[in-house]
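Take a look at the letters that make up each chain.
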Amino acid sequence: MNDLIFRQVRILDGSGGAEFIGDVGVSDGRINEVGTVTQGLAAKGREIRAPGSILCPGLIDTHAHDDGAFFRHPGMQFKLSQGVTTVVSGNCGFSAIPADPSKDSVAASGGILAGLEGEFTDLDGYYAAALARKPAINNMMLVGHNTVRSLVMGDNKGIPSDSEMQQMQQHVSHALAQGACGFSSGLIYRPGRYSDTAEVTELAKMAAPFDALYTTHMRNEGDRLLEAVEESLQIARDSGVHLHISHHKAAGKSNWGKVRESLQRVDAALSAGQPVTLDVYPYTAGSGRMIEYFNLDRVSEELAGVVRIASCKAFRHYEGRMLVDIAAAENTSLTDLVIKILTAPFGDRTLCIHFIIDEADVETNLAHADMMVGSDGIPDLRGKPHPRLFGTFPRVLGYYVRERGVLSLPEAVRRMTSLSAKTFGLSERGEIKPGYWADLLLFKPDEVIDQATYDEPKTEAAGIDMVVVNGQVALEAGQHLGVGGGQMLRYRRAPFGHSV
Ligand code: ZN
Ligand code: CU
């Protein structure tokens, strides 16, 4: 018997193949029948007719910072409303685990992981605590270098001693044994930037026995992008793991266009047999913790000129404004303004948005066959967050597929579902296939579009009919139903708490 039957919908099964019209039956959290449904509808079952709409697997956000959001915002409305049913958290070297409950859980990450609370120390503990809050969507985790390093070495800028290296390796290995999908680094951030290639390689090696990933926010995404790509490829080769390059971009006007060369290096590695994948967010601005981008002894006014304040506890009235406008209004220099913000109480937690990417590079990235989509959204709902938090996936479907024609709809769906699920070890997800978990998205292909803007970033997308998570309808016609059916996932294994 089916609990849910979708009748005569246009099906894109996630494989990249052409759409076909048919029925899909869902039973006990899983996809039961595809194409023709032969079994009946259970007594409390529901039949859904949506002629013209597309049914595809739930979308996968391969680049999330939702570790804390699962505690603070378990409804995950900013992801669910986009059709996202699974996120990969713990990116850029910042992960909720490992943790020492006696220490400040967000010391290393600043505002990025805000919301974490609880007595957990490892992945099992984090997963149990997150599940208890009945999350709306599924979560997979990476274990982050910055977190591990600050736990073991504090602010130490030196190279790790043998015993520190051993402790860090044990933390990484323990998280992978409990089901994390890989080891992430954020080598522009503190303390990751203090580490050399050898340190990262020795830690990435822990992923090899699990055939898991090394994901990286590379050491440089601007003037030295190509060197950073080489370093990433080298680390992955020497440690024997799959490389995933996060939010691939060429930052700063003088570097625009370099993503072509960078992708050529990736292609060369791929043809030499090295496994490499990437993700991108579909915007020309980045976002992160402001203090990481400025040297207070020598403030770059070029960068300050393209920065906008997202959230700022020290000066709430700066939120949503460009630094140039604030400086003009206050009759001060960009340098003095940056110093004033970052040295104020809590100023180091300021999140900013910086317009550093070329639109043509976004399209070059999206055209690459191994490019997935990751929002890189920072789930701080105060202030004016980057619109990618609410808009990333509908923007790809509506703008880059429908309006710009950069990639086809079946291909975009493949890159946001089956490719991501295979790469990140999301077992039995990412395709509409009998036996797979029923994570599904029903949307109107002619209407789907992001509506979040830099001025109104918390606006939900249009054209999303229904989102199903593990067989339960979680969102319908803009209504969040609060069913809390998300699971905590383990790499190539059954979800946490499930034996099959
Ligand atoms: Zn990053
Ligand atoms: Cu990130």
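In the block above lies the structure referred to throughout.
Counting restarts for each chain, with residues numbered from 1 along the sequence as it is written. Numbering of ligands from 1 and lettering of chains from A proceed in the order in which they are written. This being a predicted model, a pLDDT of at least 70 is required before a residue's local features are given, and a value of 80 or more before pairs of side-chain atoms are given or counted; all residues contribute to the totals for chains, interfaces and linings. Here the side-chain values reflect all heavy atoms present in the structure, with hydrogen atoms and water set aside.

**Description of the coordination of the zinc ion (ligand 1)**
Next up, step 1: Those donors, Cys92 (SG), His217 (ND1) and His247 (NE2), are the protein atoms that reach the zinc ion (ligand 1), and they lie 2.1 Å from it.
Next up, step 2: When the donor residues of the zinc ion (ligand 1) are listed from N- to C-terminus, their spacing reads C-x124-H-x29-H.
Next up, step 3: Metal donors: N, O and S atoms at distances within 2.8 Å, or within 3.2 Å for Na, K and Ca, with water omitted from the atom set so that some sites may seem incomplete. Taken as a pair, the zinc ion (ligand 1) and the copper ion (ligand 2) lie 2.9 Å from each other and share cysteine 92 as a ligand. Residue cysteine 92 is found in the loop between strand E7 (84-89) and helix H3 (123-132), and its partner histidine 247 is found in the loop between strand E12 (242-245) and helix H8 (259-271); the two are separated by 155 residues along the sequence.
Next up, step 4: Look at cysteine 92 and you get buried, because its relative accessible area is 2%.
Next up, step 5: A 1.4 Å probe rolled over the protein chains alone gives each residue an accessible area, and that area as a share of the maximum for its type sets the label: buried under 20%, exposed over 50%, partly exposed in between. Overall, histidine 247 belongs to the buried group, its relative accessible area being 2%. A run of H or I in DSSP counts as a helix once it spans at least four residues, and a run of E counts as a strand once it spans at least two, with each numbered from the N terminus.

**Regarding the sheet that holds E7**
Next up, step 1: Within the open sheet, the 3 strands sit side by side as E6-E7-E8. Their pairing is parallel. The open sheet is flanked by strand E6 (59-61) and strand E8 (138-141), the only strands paired with a single partner. Between one strand and the next, the sheet's axes are offset by a mean angle of 20°, whatever the strand orientation. When DSSP finds two or more bridges between two strands, those strands count as paired. Lines fitted to the C-alpha atoms define the axes, with helices restricted to the stretch that makes contact. Angles between their N-to-C directions range from 0 to 180 degrees.

**Concerning the coordination of the copper ion (ligand 2)**
Next up, step 1: Coordination of the copper ion (ligand 2) by the protein comes from His63 (NE2), His65 (NE2), Cys92 (SG) and Asp376 (OD), over a distance range of 2.1 to 2.3 Å.
Next up, step 2: All donors of the copper ion (ligand 2) belong to a single chain; written as a sequence motif, their spacing is H-x1-H-x26-C-x283-D.
Next up, step 3: Classification of histidine 65 by relative accessible area gives buried; the value is 2%.

**Digging into the nonpolar core**
Next up, step 1: Take the buried residues of types Ala, Val, Leu, Ile, Met, Phe, Trp, Tyr and Cys, join any two whose side-chain atoms come within 4.5 Å, and each joined set is a nonpolar core. Counting 143 residues, the largest nonpolar core has Tyr126 and Leu323 as its most contacted members.
Next up, step 2: The leading source of residues in this core is helix H13 (residues 388-403), at 7 residues.
Next up, step 3: Setting aside residues up to four positions removed in sequence, tyrosine 126 forms contacts with Asp66, Asp67, Phe70, Phe71, Ala96, Ile97, Leu116, Phe120, Asn139 and Met141.
Next up, step 4: Listed in part, the 18 residues of the second largest apolar core include Phe6, Val26, Ala50 and Leu55. Should any heavy atoms of two residues lie within 4.5 Å, those residues are counted as being in contact.

**Notes on the sheet that holds strand E14 (residues 285-289)**
Next up, step 1: Strand order in the open sheet formed by 3 strands is E14-E16-E15, with antiparallel pairing between adjacent strands. Looking along the sheet, the strands with just one partner apiece sit at the ends: E14 and strand E15 (307-311). Across the sheet, the mean angle from the axis of one strand to that of its neighbour is 25°, orientation sign disregarded.
Next up, step 2: As paired elements, E15 and strand E16 (residues 351-355) share 4 bridges and run antiparallel to each other. Directly across from isoleucine 309, in E16, lies its bridge partner cysteine 352.

**Things to note about the packing of helix H4 (residues 145-153) against helix H5 (residues 162-177)**
Next up, step 1: For the pair H4 and H5, interaxial distance at closest approach is 10 Å and the crossing angle is 135°. Comparing the axis directions of H4 and H5 gives the class oblique. In the packing of H4 onto H5, the handedness of the crossing is right-handed. Contacts between H4 and H5 pair Val148, Arg149, Leu151, Val152 and Met153 from the former with Glu164, Gln167, Met168, His171 and Val172 from the latter.
Next up, step 2: Tallied by class, residues from the contact of H4 with H5 come to 6 nonpolar, 2 polar and 2 charged. Angle categories: roughly parallel below 35 degrees, roughly antiparallel above 145, roughly perpendicular from 65 to 115, and oblique for all the rest. Put simply, a crossing is left-handed when the front helix is turned counterclockwise from the back one by less than a right angle, and right-handed when it is turned clockwise. When residues are grouped by polarity, Ala, Val, Leu, Ile, Met, Phe, Trp, Tyr, Cys and Pro land in nonpolar, Asp, Glu, Lys and Arg in charged, and all others, Gly among them, in polar.

**Things to note about helix H11 (residues 334-343)**
Next up, step 1: Residues of H11 that are buried: Leu334, Leu337, Val338, Ile341 and Leu342. Buried residues in H11, looked at end-on, bunch into an arc of 120°, giving them a common side.
Next up, step 2: Residues of H11 that are buried sit in contact with helix H9 (301-304), E15 and helix H10 (323-330). Here, the arc refers to the directions that run from the helix axis to the C-beta atoms.

**A closer look at the pairing of strand E1 (residues 2-11)**
Next up, step 1: Here 5 bridges tie E1 to strand E4 (residues 41-49), and the two strands are oriented parallel to one another. Directly across from phenylalanine 6, in E4, lies its bridge partner isoleucine 48.
Next up, step 2: Summarising the sheet, E1 and strand E2 (residues 20-27) pair through 6 bridges and their orientation is antiparallel. Within E2, the residue paired with isoleucine 11 across the bridge is phenylalanine 20.
Next up, step 3: Here E1 runs beside strand E5 (residues 54-57); their pairing, made up of 2 bridges, is parallel. Each bridged residue has a counterpart across the sheet, and for arginine 10 the counterpart in E5 is isoleucine 54.

**Regarding H3**
Next up, step 1: Residues of H3 that are buried include every one of Leu123, Tyr126, Tyr127, Ala129 and Ala130, and no others. Buried residues along H3 cover an arc of 165° about the axis, so they all sit on one side.
Next up, step 2: Note on H3: the residue one or two positions beyond its end, lysine 134, has a positive phi of about 50°.

**Remarks on unusual backbone geometry**
Next up, step 1: Of note, the bond from isoleucine 97 into proline 98 is cis; its omega dihedral lies within 30 degrees of zero at -5°.
Next up, step 2: Of note, the phi angle at lysine 134 is positive, near 50°, even though the residue is not glycine.
Next up, step 3: Positionally, lysine 134 belongs in the loop between H3 and E8.
Next up, step 4: Positive phi outside glycine occurs at aspartate 211, with the angle close to 55°.

**Remarks on the packing of helix H6 (residues 197-204) against helix H7 (residues 225-239)**
Next up, step 1: It is at 8 Å that the axes of H6 and H7 come closest, and there the two elements cross at 40°. Taken together, the axes of H6 and H7 are oblique relative to one another. Pair H6 / H7 crosses with right-handed handedness. Counted together, Thr197, Val200, Thr201 and Ala204 of H6 and Glu231, Ile235, Asp238 and Ser239 of H7 form the full contact between these two elements.
Next up, step 2: Within the contact of H6 with H7, the residues separate by chemical class into 3 nonpolar, 3 polar and 2 charged.

Limitation: the analysis is restricted to geometry and does not speak to function.
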